[in-house]
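# Structure at a glance
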Amino acid sequence: MDHEQGAGHIFRTFFSLVQSGRMDGASSRLLNFVLVAGLAFGSSAAKASEDPEIAQAIADCEQKVSVACGTVGLAYSDPANDQYDIFLSLRFLQEACRGNHAASCGRLALVYLEGSEDIEADRATAGRFAIKGCSLFDKTACEVAETVFAEASSDQFDAEKALRYRRVNCDQGGWRSCEDLARIYYNLGEFAPAEQVAAKACDPPHAEQRSVCEFAASLRQRRQEIEQALTERHEAQRRRLAERERASQVVQSFLGQGKYDSAIYAAIYHSRQLADARTALEATLEAGALGSVYNDHLYVLDYWFPSGRLNAAVNAEIARRSRGDDCGIYNCTNMPGASSRRWAAGAGRTAASRSSSSSASSFQPARMKSAAEISRETRNRYRTAHCTMNNNANRYLCN
């Protein structure tokens, strides 16, 4: 076993013992010293002949220079590097991350997220390194943080953190994060932020961003359609208010001329506003001009004002104008004797004189039952059915 292989073997043994918890503090410190010595005088010496910069970085790392530790860790964790050793890189990356070397934290997060032959994937550990790396503005760490916390099926799922790191990655130019963020906003009903974020993801547009560009375009079109509909609605409302104002001015104009029936007519059939009708009726009452109001207008006012002082005044006027045989707005021709009374009132003679003067016929029409008689007979029939029939279970209630 050469020096490099020996150092790697020592580090793997140390790492497995620490992970398993089978080492006490003193043993750990002793083996760490042996490991450092092995790395410094074994692996580092072997690699120094191949890359003097790495050898110098290892030496500086032993002096607690975080950037140097990061240089070594990043080199050993790079598959394209001839000195690639992912397991050996962890020691240097962790030392560098502890010293706030952002790229090392991001690389550690990625290593634990993806795993390898020597490193088991650990999303919880990946998340811890990602949070620290992202706080140091490392792009890779922020992307790993979003991946770790946004996976709904993972134990590490955290919607609040996922949304936070999606925003960060979107701000850093990650169009996929922007698209996901835009769709989340859309599903939450936040359409304006959704459109803004989707538009950002599509600037500048590329073929691979077609889906988010189409999404941004659909949001923009819908917003424009809504804005146009609102504009049209506001304009229509403005026109209605203007027309209402003109109609109210017509009512006021007639009142100013003392044309109270015309004012009430304009309020009922032109303005169609209860407030205008109230104004016109109150002005008419104050002027003592209710007698000048057309009969049909009174019935409409009776309907519009079903109670209170105005209703009482309108009904009093309707009653004053009514005759004994007047049925108001109802058709009374089917009531018993109504036709004869109307003929007699129009011809100036009674029904008896009409029949006596007509000697050509002795026909006497059959007497029609009054409404009261019909109602009484109907009530008696139902009483018989409900109270005297033997099979009626409720007959005892009719006593």
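Higher on the page you've got the structure.
Treat the numbers as computed from the prediction; the structure is a model and nothing was measured. (Residues numbered from 1 in each chain as written. Predicted model: local features only at pLDDT ≥ 70, side-chain atom pairs only at ≥ 80, totals over all residues. Heavy atoms only, no water.)

### Observations concerning helix 8 (residues 139-150)
Applied cut-off: A run of H or I in DSSP counts as a helix once it spans at least four residues, and a run of E counts as a strand once it spans at least two, with each numbered from the N terminus. Expected helix span is taken as 1.5 Å per residue step, with the number of steps being one fewer than the number of residues. To sort residues, take the accessible area from a 1.4 Å probe on protein chains only and compare it with the maximum for the residue type: under 20% means buried, over 50% means exposed, and anything in between is partly exposed. Two residues form a contact once any of their heavy atoms are found within 4.5 Å. Whenever a nitrogen or oxygen atom comes within 3.5 Å of another N or O atom, the pair is scored as a polar contact, on the condition that within protein one atom can donate a hydrogen and the other can accept it, and that pairs from neighbouring residues in sequence are kept only if both atoms are in side chains.
Taking 1.5 Å of rise per residue, 12 residues should cover 16 Å, and helix 8 covers 17 Å from first to last C-alpha, within 8% of that figure. All of the buried residues in helix 8 are A141, C142, V144, A145, E146, V148 and F149. Taken together, the buried residues of helix 8 touch helix 6 (102-114), helix 7 (123-135), helix 9 (159-171) and helix 10 (175-187). Where helix 8 begins, one side-chain oxygen reaches toward the backbone nitrogen of T140, 3.3 Å away; that side chain belongs to D138.

### Things to note about the nonpolar core
Short version of the rule: To define a nonpolar core, start from buried Ala, Val, Leu, Ile, Met, Phe, Trp, Tyr and Cys residues and group those joined through side-chain atoms within 4.5 Å.
Counting residues in each nonpolar core, the largest one holds 24 residues, and the members touching the most others are L108, Y112, I119 and V144. Of all the elements in the fold, those that place two or more residues in this core are helix 5 (86-98), helix 6, helix 7, helix 8 and helix 9. Counting 21 residues, the second largest nonpolar core, distinct from the first, contains A263, A289, Y299 and V314.

### As for the side chain of S89
Here S89 lies in helix 5. Residue S89 is classed as buried on the basis of its relative accessible area, which comes to 0%. Filtering out sequence-adjacent residues up to four positions away, S89 remains in contact with G73, Y76 and S77.

### Side note on the pattern of salt bridges
Note on pairing: side chains with opposite charge can pair once their charged atoms come close. Which entries qualify depends on this criterion: We define a salt bridge as a side-chain nitrogen of Lys or Arg found within 4 Å of a carboxyl oxygen belonging to Asp or Glu.
Under the criterion given, the structure shown has 16 salt bridges. A salt bridge links K200 to D171; the shortest N-O distance between them is 3.1 Å. With K200 in helix 11 (residues 191-201) and D171 in helix 9, the pair connects residues that are 29 residues apart, well separated along the chain. Using a relative accessible area of 57% as the deciding quantity, one classes D171 as exposed. Via salt bridges that share partners, K64, E95 and R98 belong to a single interconnected network.

### What about unusual backbone geometry?
Of note in the backbone geometry, N100 takes a positive phi value of approximately 65° without being a glycine. Positive phi is not limited to glycine here, since F137 has a value of about 70°. Within the fold, F137 resides in the loop between helix 7 and helix 8.

### So, the packing of helix 12 (residues 210-256) against helix 14 (residues 274-286)
To keep things clear, this is the line we draw: Lines fitted to C-alpha atoms define the axes, with helix axes restricted to the stretch in contact, and inter-axis angles between N-to-C directions lie between 0 and 180 degrees. Oblique is the label for any angle not under 35 degrees, not over 145, and not in the 65 to 115 range, which are roughly parallel, roughly antiparallel and roughly perpendicular in turn. Only Asp, Glu, Lys and Arg are considered charged, only Ala, Val, Leu, Ile, Met, Phe, Trp, Tyr, Cys and Pro nonpolar, and every remaining residue, Gly among them, polar.
For the pair helix 12 and helix 14, interaxial distance at closest approach is 10 Å and the crossing angle is 5°. The angle between helix 12 and helix 14 falls in the class roughly parallel. Facing helix 12, whose interface residues are S248, V251, Q252 and L255, helix 14 presents D276, T279, A280 and A283. Among the residues forming the contact of helix 12 with helix 14, the class breakdown is four nonpolar, three polar and one charged.

That's the geometry; what it means functionally is another story.
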